[in-house]
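Geometric and topological summary
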Amino acid sequence: MTLLDLWLSRSLPMVLLLQSLVLMALCFPSASMCPKGCLCQRDPHLHGLNVSCSQSRLKEIPPQPALRHHTVLLRLDHNQIGAVPDQAFHGLRLLRELNLSYNAVETLGEGAFSGIEGTLQVLDLSHNRITSVHKDAFARLKARVIVDDNPWHCDCALQQAIGGMAHNHEAAARVLCRSSEIRDQEGQPFLAVDTDLCNLAKRTTDYAMLVTMFGWFAMVISYVVYYVRQNQEDARRHLEYLKSLPSKPKKPDEVDDISTVV
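In this text the structure is predicted, and so the values were computed from the model without any measurement.

Rules of the game
- Residues numbered from 1 in each chain as written.
- Predicted model: local features only at pLDDT ≥ 70, side-chain atom pairs only at ≥ 80, totals over all residues.
- Heavy atoms only, no water.
- Helix = DSSP H or I, 4+ residues; strand = E, 2+ residues; numbered from the N terminus.
- Buried < 20%, exposed > 50% of the residue type's maximum accessible area, 1.4 Å probe, protein only.
- Contact = heavy atoms within 4.5 Å.
- Areas by Shrake-Rupley, 256 points an atom, 1.4 Å probe, with all protein chains shown as cover.
- Pairing = 2+ DSSP bridges.
- Axes fitted to C-alpha atoms, helices over the stretch in contact; angles between N-to-C directions.
- Core = buried A, V, L, I, M, F, W, Y, C linked by side-chain atoms within 4.5 Å.
- Salt bridge = Lys/Arg side-chain N within 4 Å of Asp/Glu carboxyl O.
- pLDDT = per-residue confidence, 0-100.
- Disulfide = S-S within 2.5 Å.

Moving on: the overall build of the protein chain. A count of helical and extended segments in the protein chain gives 5 helices and 10 strands. Here the protein chain holds 262 residues, and the buried ones make up 31% of them. Of the contacts formed within the protein chain by residues at least 6 apart in sequence, a portion of 48% connects residues at least 24 apart. Of the roughly 17600 Å² that the protein chain leaves accessible, carbon and sulfur atoms contribute 59%.

Right, dumping it as structure tokens:
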């Protein structure tokens, strides 16, 4: 047996072991690749990673290093997540489905879904506490958005955000106004609002400015009237004081002069 044969005989088991480890790493994500409390599995059809963090008592979205860039499905439902920071999913450029239902999200900023607009197909935001969103929160999304059961406040920003979901008429139809700029619309479907809430807000602001300006004008006029009346009263009192003074007696020389003239 040559030295080469001897080396191969001893190295072959190690090579096979390394191959097995590589295959296992490719087929089964390691614990370090998966966020704490979540379950990660390879998706053979979508060629990516399915990450399920359902009912994991999460209070915030896992940070980027914990969420792998090849994640295609991310379930964060039934947790206690209270906010979606801007660019929270920016590195997940293969993400197709995002489930954030049954959380405590109250508002959505302009960049909440930045970076996943082109690939995301389903976005579930149902059963949260969302009252308001930025007017451009859904502007670039092409996904099917589910927004049922949220305490929406129907205002100008929401009207603009819904307007940007023209391809998502079903989602817009499910938005109910828990509160509204128009009192009669409370409890009604948002699409039933036929008033331009942005112009309404502008008119309200204009009215407020007009009332404020009128108040200042009235205050200035009142001050001027008070000032004039006060000066008139002071002048009257001064005149009465002058009249009350005794007349100055004439000197004898002045009396003689007058007699001579006469």
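This next bit is on the sheet that holds strand β1 (residues 39-43). Read across the sheet, 6 strands follow the order β1-β2-β3-β4-β6-β8 without closing on themselves; strand pairing throughout is mixed. Each of the sheet's edge strands pairs with one partner strand only, and the pair in question is β1 and β8 (144-146). Pairwise comparison of adjacent strand axes, ignoring direction, gives a mean angle of 15 degrees for this sheet. In terms of strand pairing, β1 meets strand β2 (residues 48-52) through 5 bridges, oriented antiparallel. Each bridged residue has a counterpart across the sheet, and for Asp-43 the counterpart in β2 is Gly-48.

A word on the nonpolar core. With 47 residues, the main nonpolar core has Leu-76, Phe-89, Leu-98, Leu-108 and Phe-113 as its most contacted residues. At the level of elements, β2, β9 (152-154), α2 (156-163) and α3 (169-173) are the ones that each hand at least two residues to this core. Ranked by residues supplied to this core, first place goes to α2 with 3 residues. Discounting chain neighbours no more than four positions away, the residues touching Leu-108 are Val-84, Phe-113, Leu-125, Ile-130, Ser-132, Val-133, His-134, Ala-137 and Phe-138.

We now examine the pattern of salt bridges. Using the criterion set out here, one finds 4 salt bridges in the structure. Across the pair Arg-140 and Glu-117 runs a salt bridge whose closest N-O atoms are separated by 3.6 Å. Taken together, the residues Arg-140 in the loop between β7 (132-133) and β8 and Glu-117 in the loop between β5 (107-108) and β6 (122-124) connect sequence positions 23 residues apart. Looking at Arg-140, the relative accessible area reads 47%, which means it is partly exposed.

This paragraph deals with the pairing of strand β3 (residues 71-75). Looking along a regular strand, one sees the side chains alternate between the two faces of the sheet. Here β3 lies mainly inside the structure; 4 of its 5 residues are buried. Across 4 bridges, β2 lies against β3 in parallel orientation. Within β3, the residue paired with Ser-52 across the bridge is Arg-75. Both β3 and strand β4 (residues 97-99) contribute to a ladder of 3 bridges, which runs parallel. In the strand pairing of β4, Leu-73 is matched with Glu-97.

For the rest of this paragraph, the subject is the confidence of the model for the protein chain. The share of residues in the protein chain with pLDDT of 70 or more is 72%, and the mean pLDDT across the chain is 78. β4 holds the highest mean pLDDT among the elements of the protein chain, 97, whereas helix α1 (residues 3-27) holds the lowest, 49. Within the model, pLDDT remains below 50 along residues 20-31, and this stretch shows 6 contacts once partners closer than five positions in the same chain are excluded.

The tally for this structure, following the rule as stated, stands at 4 disulfides. Sulfur-sulfur distance for the disulfide between Cys-34 and Cys-40 comes to 2.0 Å. Judged by the sign of its S-S torsion, about 90 degrees, the cystine formed by Cys-34 and Cys-40 is right-handed. Just as Cys-34 is buried, Cys-40 falls in that class too. Cys-156 shares a disulfide with Cys-198; S-S distance 2.0 Å. Taking the sign of the S-S torsion, about 90 degrees here, the bridge from Cys-156 to Cys-198 comes out right-handed. Taken together, the residues span a long stretch of sequence, with Cys-156 in helix α2 and Cys-198 in helix α4 (residues 197-244) at a distance of 42 residues. Counting only the cysteines that form disulfides, in the order they appear in the protein chain, gives the pairing 1-3, 2-4, 5-7, 6-8.

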